[in-house]
Structures are given as C-alpha cells and as structure tokens.
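# Fold and geometry: a report
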Amino acid sequence: KMCGLEANIGLNGEVTATSRHYVDRLFDPDPQKVLQGVIDMKNAVIGNNKQKANLIVLGAVPRLLYLLQQSSSSAELRTECAVVLGSLAMGTENNIKSLVDCHIIPALLQGLVCPDLVFIEACLRCLRTVFISPVTPVQLLYTDPTVIPHLMSLLSRSQRTQEYITQIFSHCCKTPEHQTILFNHGAIQNIAPLLISPSFKVRMQALKCFSVLAYENTQVSMTLVNVLVDGELLSQVFVRMMQRDNPIEMQLTAAKCLTYMCRAGAIRTDDNCIVLKTLPCLVRMCSKDRLLEERVEGAETLAFLMEPDVELQRIASVTDHLVAMLADYFKYPSSVNAITDIKRLDHDLKHAHELRQAAFKLYASLGSNDEDIRKKPILESGVIELLCSLTQSDSPALRVNGIWALMNMAFQADQKVKVEIMRALGTEQLFRLLSDPDTNVLMKTLGLLRNLLSTRPHIDQIMSSHGKQIMQAVTLILEGEHSIEVKEQTLCILANIADGNTAKELIMTNDDMLQKVKYYMGHSNVKLQLAATFCISNLVWNEEDGSQERQDKLREMGFVDILHKLTQASDPNLCDR
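Keep in mind that what you see is a predicted model, and the values were worked out from it rather than measured. (Residues numbered from 1 in each chain as written. Predicted model: local features only at pLDDT ≥ 70, side-chain atom pairs only at ≥ 80, totals over all residues. Heavy atoms only, no water.)

### Overview of the overall build of the protein chain
Rules: What counts as a helix is a DSSP run of H or I of at least four residues, what counts as a strand is a run of E of at least two, and both are numbered from the N terminus. To sort residues, take the accessible area from a 1.4 Å probe on protein chains only and compare it with the maximum for the residue type: under 20% means buried, over 50% means exposed, and anything in between is partly exposed. Contacts are residue-level and defined by heavy atoms, with any inter-residue pair within 4.5 Å sufficient. Values of accessible area rely on a 1.4 Å probe in the Shrake-Rupley scheme; residue burial ignores everything except the protein chains shown.
In terms of helices and strands, the protein chain carries 35 helices and two strands. Burial status across the protein chain gives 52% buried among its 577 residues. Here the analysis covers contacts within the protein chain between residues at least 6 apart in sequence; of these, 68% occur between residues at least 24 apart. Carbon and sulfur atoms make up 53% of the accessible area of the protein chain, which totals about 26900 Å².

In structure tokens form, the structure reads like this:
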C-alpha cells in the first residue's frame, strides 16, 4: 500500500519540478531562449490539465502577460504567449478564474490594437475561450466603451476574427442593455453578411448572434425584418438554414431567430415562414432520435412560439404526433438496449429533468388557449395518468410540475377531461396533496380544485360524487395554520361551490362552515373578507330556487349585521360587494 502512495507523490514532485523549470526559462535574459521556453511550454500543456494547473500555481500567467504586453517583445514571442494563455484557458473553470484574476481580459483587449493579424487572431482565440466560460463576468467586455466598436472594425480582417468575435458577442449578450449596445454599434449591418460566409463556423456563430440579439427585443427584430443579405431577405436566409440537410444546430438556431422575431411582432404568426417552416422544424426537434439538448431546446422554443397564438397551437397539436412525442419526454431514457454509449446515458440521466421541464412548458402552452386542442393532448395520449403519477414523486419540483400541468388542463376544460382528472388522481391523492408540506404544491392543488369546480353542471356533478371529502378538505385548511394566499384560494373554492345549484346545499346545511365564512368576513385582511363575502353573495343570489329560505337562514345567523358593517369598509371593492 505505502509504495503506491509514495510513487504517486514522487510523480507529482517531478511534474512540479519540470513545471518550475518551464517558468524559470521565461525569466532568461536572452530573448531567443525566452521564445524557445514559451514554445516548449506550449507543447507541454496541450491536453495536460495537471501541467496547466501547476504552471498557473507557479506564477506563469503574470509573466506571460508581461511578455505579451512588452513593446520590446518580438511579434512572434507575443503571439506564442497568447497561444499558451489560450491553451491554459482550455483547462478547468479554476484555470479561467485564475486567468481572469490576473487581468488577462484587459491585457488581451489591449493587444487587439496591434497591427499584426496573427497576433490579433491569437488574442481573440484566447478571449473567446475565456468569455464562453460561465465563470467569466461578461460585463468585462463592456467596461471600456472603445472595445465594441474596435471589435466591429476587426470583423472584416479574416474568417478567424469573424468566428471568434461573433462567438464572443453571442456569449456576452445577456441583457437588454447588452443588446442595445451591440445594436447601436452596428452589429446587424456588420454581422448580416457573415450569414453567407464560405466558412460553416462563421455562419453558425453569426446565426447565434442574431438569436441572442433578437430575443424579446422589438427594436432588433423590427430591424432584422428589412435587412437584405446579398439581395435576399434575412428571414429567407433563416428559412434556408432550417432545411433538413443542414446540421441540427443550424436548423434549431435559425428556428429560434424566426421565433423571436415572430414573438416580438416583427413577423405575423400566420406568415408561411412560421406556419410552414419554423413550426414544423421545431416539432422535428422534439422527436426521439434527437439528442437530449436538442429536444429540450426544441420543445422550449416551440412553447415560446405558440404561447400567445391559438392557431399555432392547433396546427402544432396535429403535426407529426407531437403529443405522443412529448409523452416520451417522461419515459426517458427510453429502451435500455438501444443505448450504446454509456457516457451519453450517464449525461442524459443527469439532465432528464430538463426534458420533463421542457415538456411541461410545451403542454402548458399547447393547452393555454384552445379547448379542442386540449381535449385532443390530453385524452388520447394518456398524459393525465402520467401527470397524476408525477404528483406522487418524492421530488417536490416534480410534484409541483405535475399538479401545475393538471391545473392548466382543468382550466375551462370540458366535463370529460375534468372527470378523467378526478378519476386518475383519486380523492386520496388529492387529500395527500392538500396536506403537502410544500406550499407551492398546496397552492397549485387548490388551483386545480378551483378549476375543476367551475361552471355549474361541473360543480354539481363533482360535488355530488366527492362533496363530503372536498368540504372536509376546505374545513381543514380554513382551520389550519396557513398563509393568507392559501386561505384566499380556499375561500374562492367555497364561493365556486356556493355557485352550484345543488352543491350550495352542502354549505347551507353545514352550520360550522357558515360560521367560518362569517369569521372571515370580519377578518383583518381585505382579500379574505372579499372572498368570504363573495361566497355569501353566491348563496343569496335572487334568481334561484330557494333563495328566500337561504336568505332567511343567513339573516338569523347574523350575516346582515356584518354586511352592514362592511358597507362602511375603507376598501371600495368590499363596499360594492
């Protein structure tokens, strides 16, 4: 056992010794030896993370940056320094943090004013590597206001400058302010011609730039619609990039560009490029044979595209078995024998929740506006069963998502769907959810109940079969230690029950419940007073059978006095009630 350990320590000691030797050579008084030292260092660190970490710990970075910035250094030495720094940046996130702490970004940006193209490209390649790391603060690109215009001017120098600069832009454009800065410095005019570059990498990075510039940005989107690239409208260039023979990444990013332009109001939702091209392309991205990331991005983008538009929801729901494909998002990974790549499987298992999240978003937007579509995702695909089973998950996030999706489905749904939800969920599980320790789960479950108990025939039907249990649940919540929001939701459910024809008798014959309503009418919180008062106004509504008897009973119980008191209330909504 011991030898193994010692051998290991010895090896690290050796690595450190050779690393120190590399660093020492950077301080040699002979410039030729320094250059050779940097070149040897470059060859030593390629693909060797241990070596990279050692050199950083031993202080190679400040010395390399010093040599890179010295006017006395030869162009070749400065370029080799930039290349080594770029290689160090390719290591771990800790390496990047160390580089950023040594102020590598301002040093490299300063290097871009040098006339030597090879050196500029090496600096840009290193900047690109540093900026695409999640640990780098993107704000550092915008600190000096001369940087963005200078980068724009370098776009014309070579395919490499085009690739690196557009990649830096697409990674550093995170806020509306960033979009505006890039827009004001001519990003659109400068980057548009790159969409027809002979280099695939340049085309791809330029396309990514447009997707981040257009996202939720009306100004950019409205400008993009009128841009011509070599005589062709930009939207048509995007449409061409969505063709099936292009790499998936390109199809997906082009679809995002058109989606964002459409959501910003720059392209109509009934435009052919949306209905016949973008929507089908995104639906394709949801299919089983796509990689996990592609399916997640495809579903999320599709959800975003359809969200406000019923017609697009209708078209999507009948395109290419979309609803069936979504059910697969939950059965992931699908069949074990089809899995060849263990690494891929491990990665996908870790990210499977992203797939489910994306599918939830898509379900929610598919059913957000239109009745018929919702009946069709829902009843055919077995998705209700699936969502009900998710509400039994140990993970609170999955329980919330499952119940949330059910709540959305029950919204303005027809009776068949509501009955199916109640049947699949079962009253026992409903009660478990109503006593869930997670407030989010409780609120969404109350939302589901409220949606199930809307429109009279539905209220009466559900209360005739589950009334006793539901009234019990309402009692428990109104008596329990719950937030104002929870109690308000619960009183709203009670008001819905009070609106039923036969259902209201369940309240009228329950003196304990009437006393609770009375208590909340006198509560210090206006929201609760309003909800409770709403409940009473539904019970005494004049145009219904038996309203006189109900009014008499409530009068006897002292409700009239409370109502008189409430007409003096400071809240105008409450007085009106």
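Continuing now.
### A short note on the UniProt feature "repeat: ARM" (unreviewed entry) in the protein chain
Our working definition: UniProt positions are given in the numbering used here, feature names are shortened, and annotations may be inferred rather than shown by experiment.
Sequence positions flagged by UniProt for "repeat: ARM" (unreviewed entry) are, in local numbering, residues 59–95 and 425–467. For residues 59–95, the end-to-end C-alpha separation is 12 Å, with 76% helix and 0% strand making up the annotated structure.

### Some thoughts on the packing of aromatic side chains
Applicable threshold: When the centres of two rings from Phe, Tyr and Trp lie within 6.5 Å, Trp using its six-membered ring, the rings pair. Their planes under 30 degrees apart give stacked, over 60 give edge-to-face, and anything left gives tilted. Criterion for a charge above a ring: Lys NZ or Arg CZ within 6 Å of the ring centre, and within 35 degrees of the ring normal.
Evaluation of the coordinates by the stated rule reveals five aromatic pairs. Relative to F238, the ring of F210 lies with its centre 6.2 Å away and its plane at 65°, an arrangement referred to as edge-to-face. With a gap of 28 residues between them, F210 in helix α13 (residues 200–214) and F238 in helix α15 (residues 234–241) connect regions that are remote in the sequence. You can call F238 buried: its relative accessible area is 0%. Geometrically, the ring pair formed by Y215 and F304 is tilted, given 5.8 Å between the ring centres and 40° between the ring planes. Of this pair, Y215 sits in the loop between α13 and α14 (218–225) while F304 sits in helix α18 (residues 292–306), placing them 89 residues apart in sequence. Judged by its relative accessible area of 15%, F304 is buried. In textbook terms, an aromatic cluster arises when at least three aromatic residues are bridged by ring pairs, as seen for Y215, Y260 and F304. Of note, K444 hangs over the ring of W404, and the distance from its end group to the ring centre comes to 5.0 Å.

### Observations regarding helix α29 (residues 484–498)
To keep things clear, this is the line we draw: Expected helix span is computed as 1.5 Å times (number of residues minus one).
A rise of 1.5 Å per residue sets the reference length of α29, with its 15 residues, at 21 Å; its end C-alpha atoms lie 21 Å apart and thus fit the reference within 8%. Counting buried residues along α29, 12 of its 15 residues qualify, which places the element largely inside the surrounding structure. Within α29 the residues assigned to the buried category are V486, K487, Q489, T490, L491, C492, I493, L494, A495, N496, I497 and A498. Where α29 is buried, its residues touch α27 (439–452), α28 (456–479), α30 (504–508), α31 (511–521) and α32 (526–539).

### A word on the state of the cysteines
Note on terminology: a disulfide is the covalent bond linking the sulfur atoms of two cysteines. Condition: Any cysteine sulfur atom paired with another within 2.5 Å is treated as part of a disulfide.
Applying the stated rule across the entire model yields zero disulfides. Here C286 is not disulfide-linked; the sulfur of C281 is the nearest cysteine sulfur, at 9.9 Å. On the basis of relative accessible area, C286 is assigned to the buried category, the value being 1%.

### Details of the packing of helix α4 (residues 60–69) against helix α5 (residues 75–89)
Formally: Axis angles are defined between N-to-C directions and span 0 to 180 degrees, where every axis is a line fitted to C-alpha atoms and, for a helix, only to the segment in contact. Here a crossing is taken to be left-handed if its near helix is turned anticlockwise relative to the far helix by less than a right angle, and right-handed if that turn runs clockwise.
At a minimum axis distance of 8 Å, the contact between α4 and α5 shows a crossing angle of 145°. The way α4 lies across α5 gives a crossing that is left-handed. Of α5, the residues touching α4 (which contributes V61, L64, L65, L67 and L68) are L77, R78, C81, A82, V84, L85 and L88.

### Some remarks on the packing of α5 against helix α8 (residues 117–131)
The line we're drawing: Working definition: roughly parallel below 35 degrees, roughly antiparallel above 145 degrees, roughly perpendicular at 65 to 115 degrees, and oblique for all remaining angles. Three categories are distinguished: nonpolar for Ala, Val, Leu, Ile, Met, Phe, Trp, Tyr, Cys and Pro, charged for Asp, Glu, Lys and Arg, and polar for the others, with Gly belonging to the last.
Contact geometry of α5 with α8 gives a least axis separation of 9 Å together with a crossing angle of 15°. Accordingly, the angle class assigned to the pair α5 and α8 is roughly parallel. The interaxial crossing formed by α5 with α8 has left-handed handedness. Between α5 and α8, the residues in contact are R78, T79, A82, V83, L85, G86 and A89 and V118, F119, A122, C123, R125, C126, T129 and V130, respectively. Grouping the amino acids of the contact of α5 with α8 by side-chain chemistry returns 10 nonpolar, three polar and two charged.

### A word on the environment of D348
Within the secondary structure, D348 is located in helix α21 (residues 342–366). You can call D348 buried: its relative accessible area is 5%. The spatial distance from the C-alpha of D348 to the C-alpha of E293 is 8.9 Å, given a sequence separation of 55 residues.

### Focus: the pattern of salt bridges
What counts is decided by this rule: We define a salt bridge as a contact between a side-chain nitrogen of Lys or Arg and a carboxyl oxygen of Asp or Glu at a distance within 4 Å.
By the definition in use, this model includes 21 salt bridges. One salt bridge connects D499 with R456, and the closest N-O pair in it is separated by 3.1 Å. Of this pair, D499 sits in the loop between α29 and α30 while R456 is found in helix α28, placing the two residues 43 residues apart along the sequence. For R456, a relative accessible area of 30% translates into the label partly exposed. One connected set of salt bridges, linked through shared partners, spans E385, E420 and R423.

### A few points about α27
As a reminder, the rule being used: Whenever two N or O atoms come within 3.5 Å, that pair is a polar contact, provided that in protein one can donate a hydrogen and the other can accept it, and provided that, for residues adjacent in sequence, both atoms are side-chain atoms.
Compared with an ideal rise of 1.5 Å per residue, which puts 14 residues at 20 Å, α27 spans 20 Å between its outermost C-alpha atoms and is within 8% of the ideal. Within α27, 10 of the 14 residues are buried, which leaves it mostly tucked inside the rest of the structure. In this structure D438 caps α27, since a side-chain oxygen of it lies 2.8 Å from the backbone nitrogen of N440.

### What to know about the side chain of S197
As for its placement among the helices and strands, S197 is situated in the loop between α12 (187–191) and α13. Side-chain polar atoms of S197 contact the backbone nitrogen of S199, separated by 3.0 Å.

### Structural notes on the environment of N49
Inspection of the secondary structure assignment puts N49 in helix α3 (residues 49–57). With relative accessibility at 39%, the residue N49 sits in the partly exposed group. Separated by 41 residues in the primary sequence, N49 and M90 place their C-alpha atoms 8.7 Å from one another. Discounting residues that sit within four places of it in the chain, N49 has contacts with G91 and T92.

### Comments concerning unusual backbone geometry
The phi angle at H103 is positive, at roughly 65°, despite the residue not being glycine. Here H103 shows up in the loop between α6 (93–101) and α7 (104–111). Residue T455 is not a glycine yet carries a positive backbone phi of 65°. Among the secondary structure elements, T455 is positioned in the loop between α27 and α28.

### Regarding the confidence of the model for the protein chain
Rules: Per-residue confidence from the predictor is reported as pLDDT, a score between 0 and 100.
Taken over all residues, the pLDDT of the protein chain has a mean of 87, while the share at 70 or more is 89%. The low-confidence segment residues 334–338 (pLDDT under 50) makes one contact with residues lying over four places distant or belonging to another chain.

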